[in-house]
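Chain by chain, the residues run as shown.
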Amino acid sequence: MIELKGAAVSAQIKEQVQKALAKRPGPPPKLAIIRVGENPDDLSYEKGARKKLESFGLRSQSFSYPKQISHARFYEAFLQINQDPDVDGILLLLPLPAQIRFPEIAQAIDPKKDVDGISPVNIAKVFAGETDGFAPCTAEAVMEILSHYGVETAGKRAVVVGRSMVVGRPLSMLLLQQNATVTICHTRTRNLELVCRDAELLVAAAGQRKMLDERYVGKDAVVVDVGIHVDQEGKLCGDVDFDRIRDCASMATPVPGGVGSVTTAVLAKHLMRAAGAFEE
Ligand code: NDP
């Protein structure tokens, strides 16, 4: 089984970004990362994203707010960042606490700065198959990996396990746009094993630790694992039991070192596009 490692994909994106940066006068594009509360997963993602952007030569600034902040105060602060001409892109760490009305924030975000695709405008573009908006970085990271390793999607049976707005749904649309025949699975899917085993391309985005093993993977399938978990020994693992699919899958992304490492590279790419500094 071939491991589809994210590092090579990320390095290629870094090269593209740095080439475009070299041609661009003025300060590098800047990302605002907005966090409410101190969720350890958010803190770790924020740290990783900032480090990656810095290594690409891009700027970032963190804006953090207490977990109890009122909707009105947060909305006001958000609008200020949204309108700041020095901010080219905005990454809002989700989910927000219950008192903050997310739909109002998503409506307010400038679609041109919405580098993680949360605004209704960008969601509509992804669903319409228009490529001039922003898809969520994780969903696009999967497409970058497939393209980098030359995995053909046209006409293939693709099964996506998970239907969240962050991963499963947008990714299904991106795969459809690339002419895959897409099946979307969720907790009410019957015979999940059978449906997954029929896939030529299987994407795991269920958020369930090591849920998919050899029983779910057809012979020579390509498996992409979006899940991120910590196992009993404190090590990172995915939705797929990687060791158990070695004999059936032809290719698979590892965790760590797979989709996660490409997600922040896509974020950098989106930031460049938001700043008008990147033509693909
Ligand atoms: P959500 O919890 O929002 O969604 C999970 C989806 O999986 C839901 O649609 C749910 O179905 C479905 N699901 C859950 N359990 C099962 C099951 N037993 N059988 C079939 N379907 C199931 O998760 P996210 O989409 O936000 O994230 C998914 C995973 O990806 C997580 O592990 C997360 O940590 C990871 N992630 C990784 C990123 C990266 O950069 N690599 C970024 C973002 C997330 P239903 O709708 O019926 O409830």
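Our structure's up above, just so we're on the same page.
Residues numbered from 1 in each chain as written. Predicted model: local features only at pLDDT ≥ 70, side-chain atom pairs only at ≥ 80, totals over all residues. Heavy atoms only, no water.

Draft legend 1. Here's a closer look at the pattern of salt bridges. Scanning the entire structure with this criterion turns up 17 salt bridges. Taking the shortest distance from any N to any O, the salt bridge between Glu38 and Arg35 comes out at 3.4 Å. Residue Glu38 is classed as exposed on the basis of its relative accessible area of 57%. Looking at Arg35, the relative accessible area reads 7%, which means it is buried. Arg244 is paired through a salt bridge with Asp213; the nearest N and O atoms lie 3.2 Å apart. Pair noted here: Arg244 is in helix H9 (residues 242–245) and Asp213 is in the loop between strand E7 (201–204) and strand E8 (222–225), with a separation of 31 residues, a long-range link. Where salt bridges share partners, they join Asp213, Glu214, Arg215 and Arg244 into one cluster. (Salt bridge = Lys/Arg side-chain N within 4 Å of Asp/Glu carboxyl O. Buried < 20%, exposed > 50% of the residue type's maximum accessible area, 1.4 Å probe, protein only. Helix = DSSP H or I, 4+ residues; strand = E, 2+ residues; numbered from the N terminus.)

Draft legend 2. Representation of the site of the ligand in the model. Close contacts around the ligand come from 22 residues, with Arg163, Ser164, Thr187, Val226 and Thr263 the closest. His186 has a polar backbone atom sitting 3.5 Å from a nitrogen atom of the ligand. Thr263 has a polar side-chain atom sitting 2.9 Å from an oxygen atom of the ligand. In isolation the ligand exposes 930 Å². Once the protein is present, 70% of that is buried. In terms of residue class, the shell around the ligand is made up of nine nonpolar, 11 polar and two charged. (Near = heavy atom within 4 Å. Polar contact = N/O pair within 3.5 Å; in protein donor to acceptor, adjacent residues only side chain to side chain. Areas by Shrake-Rupley, 256 points an atom, 1.4 Å probe, with all protein chains shown as cover. Nonpolar A, V, L, I, M, F, W, Y, C, P; charged D, E, K, R; others polar.)

Draft legend 3. Representation of a nonpolar patch on the surface in the model. Residues Ile228, Val230 and Leu236 make up a contiguous nonpolar surface patch of about 280 Å² in total accessible area. As for its placement among the helices and strands, Val230 is situated in strand E9 (residues 229–230). (Patch = residues over 30% accessible without salt bridge, like charges linked within 9 Å, V, L, I, M, F, W, Y side chains within 5 Å.)

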